[in-house]
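# Structural overview for review
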Amino acid sequence: MAIGTSGAIIARIVSQYSNAGTKAAERDLKKFGAGIDKWAKRAAKAFAVVAAAAVFMAVKIGKQAVDSASHLNESISKTGVVFEESAKQILAWSKTTADSMGQSQTQSLDAASTFGMFAQAAGLAGDSTAGFSMQMTALASDFASMFDSSPEEAINAISSAFRGQMKPISKYNLFLNDAALRNQALAMGIYDGNGSLTAQQKILAVYELLLKGSTKAQGDFLRTSDQLANSTRQVTANFENA
């Protein structure tokens, strides 16, 4: 500080500029930018993965839909061959089975066609064949409901019994043997007690014994349709139909 000739005070201010703060800020901005860039790349990668997964699932669902539609068409065709003039009755019934027994239209048609061939082997025809088939398909769902199995397993067990293989049906508390079949055939008046039962006689005898021995199981699916297992079957069957 000095005093000028005019008496004014002259002050010299000396300052030193430092760019350390600016450089630190630049470094922070670069780090932030790098972080944003890294995040953006990860986000893009994640989006690509999700998009790829979505495309994969769409293709998979589409293929399943095509396969299901093809299987249904085959089942409808088989139904026409097996039931002939009664096919319309079976087709109309199959559209209700998702809710009434937890079987999709395809499942119920396949089961009915299987049982229809047994009915025809037993000498039944027309509406009798249709009634036999629908009753056995419904019984399979009731067995599955009461004994905690699948309808497919129950269908196979019933079919095995018609073929003379009795062990699978024992899971459903039905213990059939040759003596029981003979006695039933005698009671029905289709057997005179001499010789072996024919395939036709066996099927008819098994059919009657199945109905007699399953009175507690019959209708179990509808009685317990609000429980988790059966409501899940209904949802699954309706989804497959859709």
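Structure shown above.
Residues numbered from 1 in each chain as written. Predicted model: local features only at pLDDT ≥ 70, side-chain atom pairs only at ≥ 80, totals over all residues. Heavy atoms only, no water.

## Some thoughts on helix α5 (residues 126–147)
Under the 1.5 Å per step criterion, the end-to-end length of α5 is 32 Å for 22 residues, consistent within 8% with the ideal 32 Å. Of the residues one or two after α5, Asp148 is the one with positive phi, at around 55 degrees. (Helix = DSSP H or I, 4+ residues; strand = E, 2+ residues; numbered from the N terminus. Expected span 1.5 Å × (residues − 1).)

## Some words on the packing of aromatic side chains
Throughout the structure, instances matching the rule amount to seven aromatic pairs. Aromatic rings pair up to connect Phe115, Phe118, Phe132, Phe162 and Tyr207 into one cluster. (Phe/Tyr/Trp six-rings, centres within 6.5 Å; stacked < 30°, edge-to-face > 60°.)

## Overview of unusual backbone geometry
Positive phi is not limited to glycine here, since Glu84 has a value of about 50 degrees. Tracing the chain through its elements places Glu84 in the loop between α1 (20–83) and α2 (87–94).

## Points about the pattern of salt bridges
The full count for this structure, using the stated rule, is four salt bridges. The partner of Lys78 in a salt bridge is Asp110, and the shortest N-O contact between them spans 3.6 Å. Here Lys78 is found in helix α1, whereas its partner Asp110 is found in helix α4 (residues 105–121), with 32 residues between them in sequence. A salt bridge links Lys171 to Glu153; its shortest N-O distance comes to 2.8 Å. Taken together, the residues Lys171 in the loop between α6 (151–162) and α7 (178–188) and Glu153 in helix α6 connect sequence positions 18 residues apart. Residue classification places Lys171 among the partly exposed residues on the basis of a relative accessible area of 37%. (Salt bridge = Lys/Arg side-chain N within 4 Å of Asp/Glu carboxyl O. Buried < 20%, exposed > 50% of the residue type's maximum accessible area, 1.4 Å probe, protein only.)

## A word on the packing of α2 against α5
Interhelical geometry of α2 versus α5 gives an angle of 20 degrees and a closest axis separation of 9 Å. Considering the angle they form, α2 stands roughly parallel to α5. The two elements α2 and α5 cross, and the hand of that crossing is right-handed. Listed contacts from α5 to Gln89, Ile90 and Trp93 of α2 are Asp127, Ala130, Met134 and Thr137. Residue composition of the contact of α2 with α5, by class: four nonpolar, two polar and one charged. (Axes fitted to C-alpha atoms, helices over the stretch in contact; angles between N-to-C directions. Parallel < 35°, antiparallel > 145°, perpendicular 65-115°, else oblique. Left-handed = near helix turned anticlockwise from the far one by under 90°. Contact = heavy atoms within 4.5 Å. Nonpolar A, V, L, I, M, F, W, Y, C, P; charged D, E, K, R; others polar.)

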